[in-house]
Amino acid sequence: TGKAQIDDNTLDQIEEILITSDIGAETAEMIIDNLRKALKSEKDRSVENVLRLIKIELSKILIDSNNKSQSFIKPYIIVVVGVNGVGKTTSIGKLAYNYKNLGYKVIVGAADTFRAAANEQLEIWAKLAGVEIINSNKGADPSSVVFETIKRAVDENYDIVLIDTAGRLHNKTNLMNELSKIKKVIKKFSDSAPHETLLVVDGTTGQNALIQAIEFSKVIELTGLIITKLDGTAKGGMVFQISKKLKIPIKYIGVGEGIEDLQEFDKETFISALFELK
Amino acid sequence: MFEELSLKIDAALKKITGQGRLTEANISDTLREIRRILLDADVNYKVAKDFIDKVKEKALGKEVIASITPGQLITKIIYDELVELLGGGHSEIFLNPTGATIILVVGLQGSGKTTFSAKLAKRLKERKRKVLLVAADIYRPAAIEQLKILGQQVDVPVFSLEQKDARLVASESLKYVKEKGFDTLIIDTAGRLHVDEEMMKEVADIKEIVKPTETLFVVDSMTGQDAVNSAKAFNETVNFDGIVLSKLDGDARGGAAISIRSVVGKPIKFVSNGEKLENLDVFYPDRLASRILGK
Ligand SMILES: Nc1nc2c(ncn2[C@@H]2O[C@H](COP(=O)(O)OP(=O)(O)OP(=O)(O)O)[C@@H](O)[C@H]2O)c(=O)[nH]1
Ligand SMILES: Nc1nc2c(ncn2[C@@H]2O[C@H](COP(=O)(O)OP(=O)(O)OP(=O)(O)O)[C@@H](O)[C@H]2O)c(=O)[nH]1
Ligand SMILES: [K+]
Ligand SMILES: [Mg+2]
Ligand SMILES: [Mg+2]
């Protein structure tokens, strides 16, 4: 090992940090290769500088999210999708609360007509957030709930529509078809709708997250990600692959089960957290 | 079996010609390939490292005989090692033949505890057990309602209290069981993070109160590298008896199971593979090993 080389031990440690954050072996490799290249023109090989450089590399991969959409189409329709148990309904409760606090008139639609007590769960959240809900019965057609919710929003001048959907694994064709039917119903109201489709990804998920994002985006155009459960020790590193492959920004992170536990995504904080022990 | 993997390994070995034995030098590329497969399957970084070391130890010096390719040879070593790690045969839960059997179901948020509790209730009811489900999740909105609906679907009664005290629910359910003559109790608890001290204390207390026959840790098969942290913490707190691997009807490889197996050494007892209440299987190590290695 000559002067130009950074010692393998440091690189191994970096690799371990990256891989244990769920960034994936391939992406970790790519980042470390880029780091090696960047280091060639660097005299300073202190740990601090190596960390600075790696953060730059990581930052290049993540798409910047533009949370503030200024011109507001009314009603602004947001659909929330994802696999089972990731935190869709909870995130809807938090979003409804946030929009309501910003002064908007909000309605949520309980289009999960499958899961036991999904409607009751959303109803409790709607009450907590102080927003209107369109309820559904178990076994009802989800697209008809979506239709009813948007119609009500149009008729009664709501600002924001939040649609909760059933958890579905991306490898289940019939459930994915149901989602595309929901999309069609929304498009009947406005071609630009849904204005946001947010994929919720459990922050503890590993390499499967990328396939989830790919498969969901085949059915409905994803505009952003919500990464939940980052109040634990998981780092959520799989978003780098999603960002690299699909260029979808992370909009929010979930950091708890309370109604205020949804934060706007901040790239620098997120990247720094990868290198912090919890 | 594992054609893709053996071919990959053969390809990695192609570079070396005319060697009858596996050596440190000629299998290093191969081991890197295997490591990659394990990491892609969500096996924890350190666990994968140890696993590779073990495989290497077994492979070195092995004679490559004419009838099989080195790829097939190494694949077999890996497969056998995985099956052994995942637990040899399969073991179901212990059902107390005389007193009541109490099963405590724990895990992270959204892992599939409530669904599993109902599935297990259905299974044990079909074995003529007198089952009671206990709704000890007092936090999640509509958690009790969810369990009641599922209980109705499998025709098993659900015990719940209006009071917001999970410990009380647990202790009262024990009295209720005695009164009503149930012989099997399945307690569904709230999802909790392993770093949440208060909530971890609660589940430890519940365990202390009910003294379960079996405590089962439900884990989502899509879980990544963090599986080792949560499993370790849950195991330290409640010393669980077995693992339930949920959502295996997805296409995640399920490598987290290997990580958990190696850090806590507890058997995987059930596989939950669907939203329907009949989607419950006992665990077969060979099937999961195949899945991780890509068939
Ligand atoms: N710790 C933590 N828990 C969360 C977070 N978001 C959601 N949860 C919990 O995760 C569990 C599942 O959340 P839900 O909102 O029901 O998830 P879902 O995606 O709607 O689930 P399905 O509709 O069944 O697919 C619940 O126990 C939530 O309280 C978060 O950011 N942090
Ligand atoms: N596809 C599939 N979905 C499952 C499976 N097990 C549970 N689910 C779904 O995963 C979601 C969460 O399941 P729950 O049983 O509510 O999980 P939980 O651990 O009780 O969640 P909390 O109480 O919020 O911590 C629901 O949508 C279930 O229908 C499974 O094996 N396969
Ligand atoms: K999960
Ligand atoms: Mg939901
Ligand atoms: Mg539950």
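In this text the structure is predicted, and so the values were computed from the model without any measurement.

Student: How should I be thinking about the overall build of chain A in this particular structure?
Tutor: Scanning chain A from terminus to terminus reveals 10 helices and 8 strands. Against the 2.2 N^0.38 benchmark of 19 Å for 278 residues, chain A shows a C-alpha radius of gyration of 21 Å, consistent with a compact globule. Long-range pairs, those at least 24 residues apart, make up 77% of the contacts in chain A with a sequence separation of at least 6. For chain A, the computed accessible surface area is about 12000 Å², with 49% contributed by carbon and sulfur atoms.

Student: Can you help me understand the site of ligand 1 in this one?
Tutor: Near ligand 1 you find 23 residues, and of these Lys88, Thr89, Thr90, Arg115 and Glu257 of chain A are the closest. In this structure, ligand 1 is bordered by residues of chains A and B. Gly87 of chain A places a polar main-chain atom, nitrogen or oxygen, 2.9 Å from an oxygen atom of ligand 1. Here Gly256 of chain A contributes a backbone N or O atom positioned 3.3 Å from an oxygen atom of ligand 1.

Student: How should the pattern of salt bridges be read in this particular structure?
Tutor: Any two side chains of opposite charge can pair, so long as their charged atoms come close to each other. Applying the stated criterion to the full structure yields 34 salt bridges over all chains. In this structure, Glu57 of chain A engages Lys60 of chain A in a salt bridge whose closest nitrogen and oxygen atoms are separated by 3.1 Å. Here the residue Glu57 of chain A and the residue Lys60 of chain A both occupy positions in helix 3 (residues 47-61), the gap between them amounting to 3 residues, near one helical turn. In this structure, Arg167 of chain B engages Asp205 of chain B in a salt bridge whose closest nitrogen and oxygen atoms are separated by 2.8 Å. Taken as a pair, Arg167 of chain B in helix 7 (residues 166-180) and Asp205 of chain B in helix 8 (residues 197-210) lie far apart in primary sequence, 38 residues in all. Of the residues examined, Arg167 of chain B reaches a relative accessible area of 29% and is grouped as partly exposed.

Student: When you look at the coordination of the potassium ion (ligand 3) in this model, what are you seeing that I'm missing?
Tutor: In an ideal tetrahedron of four donors about a metal, each angle is 109.5 degrees. In an ideal octahedron of six donors, the angles are 90 or 180 degrees. Protein coordination at the potassium ion (ligand 3) comes from Asp202 of chain A (OD) and Asp220 of chain B (OD), with a distance range of 2.6 to 2.8 Å. Here Asp202 of chain A is found in strand 5 (residues 196-202), whereas its partner Asp220 of chain B is found in strand 5 (residues 214-220) on a different chain. Here Asp202 of chain A falls in the buried class, since its relative accessible area comes to 6%.

Student: So what exactly am I meant to see when it comes to the site of ligand 2 here?
Tutor: Among the 24 residues in the neighbourhood of ligand 2, the closest are listed as Gly112, Lys113, Thr114, Thr115 and Arg140 of chain B. Flanking ligand 2 are residues from chains A and B. Within the backbone of Gly191 of chain B, a nitrogen or oxygen atom sits 3.5 Å from an oxygen atom of ligand 2. Between Glu275 of chain B and ligand 2, the recorded distance is 2.8 Å, taken from a side-chain N or O atom to an oxygen atom. Coverage of ligand 2 by the protein amounts to 96% of the 650 Å² it exposes when considered alone. With 4 residues, the top contributor of residues to the shell around ligand 2 is helix 5 (residues 113-126) of chain B. Partitioned by chemical class, the residues of the shell around ligand 2 number 2 nonpolar, 13 polar and 9 charged.

Student: Any chance you could explain the packing of aromatic side chains here in plain terms?
Tutor: Aromatic rings in a pair are described by how distant their centres are and how their planes are angled relative to each other. Residue and element names in this part refer to chain A. Within this structure, the stated rule accounts for 9 aromatic pairs over all chains. Each ring, one from Tyr99 and one from Tyr104, has its centre 6.0 Å from the other, and the planes form 65°; the classification is edge-to-face. Classification of Tyr104 by relative accessible area gives partly exposed; the value is 30%. Taken together, a centroid distance of 6.1 Å and an interplanar angle of 35° make the contact between Phe240 and Phe270 tilted. Of this pair, Phe240 sits in helix 9 (residues 239-246) while Phe270 sits in helix 10 (residues 267-274), and the two are 30 residues apart along the sequence.

Student: Sorry if this is basic, but what is going on with a negative patch on the surface here?
Tutor: A cluster of acidic residues, Glu257 of chain A together with Asp196, Glu197 and Glu198 of chain B, forms a negative patch on the protein surface. Following the sequence through the fold, Glu197 of chain B ends up in helix 8. Under the relative-accessibility criterion, Glu197 of chain B is labelled exposed at 69%.

Student: Would you mind going over the pairing of strand 6 (residues 242-246) of chain B with me for this structure?
Tutor: Walk down a regular strand and you will see the side chains alternate between the two sheet faces. Residues and elements named next belong to chain B. Burial of strand 6 is extensive: 5 of the 5 residues sit out of reach of the surface. What you see with strand 6 is no split at all: Gly242, Val244 and Ser246 on one side and Ile243 and Leu245 on the other are buried throughout. As for the winding sense of the linkage, the β-α-β connection from strand 5 through helix 9 (residues 227-238) to strand 6 is right-handed. When strand 6 meets strand 7 (residues 268-272), the two strands line up parallel, connected through 3 bridges. What sits directly across from Ile243, in strand 7, is Ile268. Handedness of the crossover is the feature at issue here: the chain leaves strand 6, passes through helix 10 (residues 256-264), returns alongside strand 7, and the resulting connection is right-handed.

What counts, and at which threshold
- Residues numbered from 1 in each chain as written.
- Chains lettered and ligands numbered in written order.
- Predicted model: local features only at pLDDT ≥ 70, side-chain atom pairs only at ≥ 80, totals over all residues.
- Heavy atoms only, no water.
- Helix = DSSP H or I, 4+ residues; strand = E, 2+ residues; numbered from the N terminus.
- Rg over C-alpha atoms; globule rule 2.2 N^0.38 Å.
- Contact = heavy atoms within 4.5 Å.
- Areas by Shrake-Rupley, 256 points an atom, 1.4 Å probe, with all protein chains shown as cover.
- Near = heavy atom within 4 Å.
- Polar contact = N/O pair within 3.5 Å; in protein donor to acceptor, adjacent residues only side chain to side chain.
- Salt bridge = Lys/Arg side-chain N within 4 Å of Asp/Glu carboxyl O.
- Buried < 20%, exposed > 50% of the residue type's maximum accessible area, 1.4 Å probe, protein only.
- Donors = N, O, S within 2.8 Å, 3.2 Å for Na, K, Ca; no water.
- Nonpolar A, V, L, I, M, F, W, Y, C, P; charged D, E, K, R; others polar.
- Phe/Tyr/Trp six-rings, centres within 6.5 Å; stacked < 30°, edge-to-face > 60°.
- Patch = residues over 30% accessible without salt bridge, like charges linked within 9 Å, V, L, I, M, F, W, Y side chains within 5 Å.
- Lys, Arg positive; Asp, Glu negative; His and termini not counted.
- Charge placed at Lys NZ, Arg CZ, Asp CG, Glu CD.
- Right-handed = clockwise from strand over helix to strand, strands pointing away.
- Pairing = 2+ DSSP bridges.

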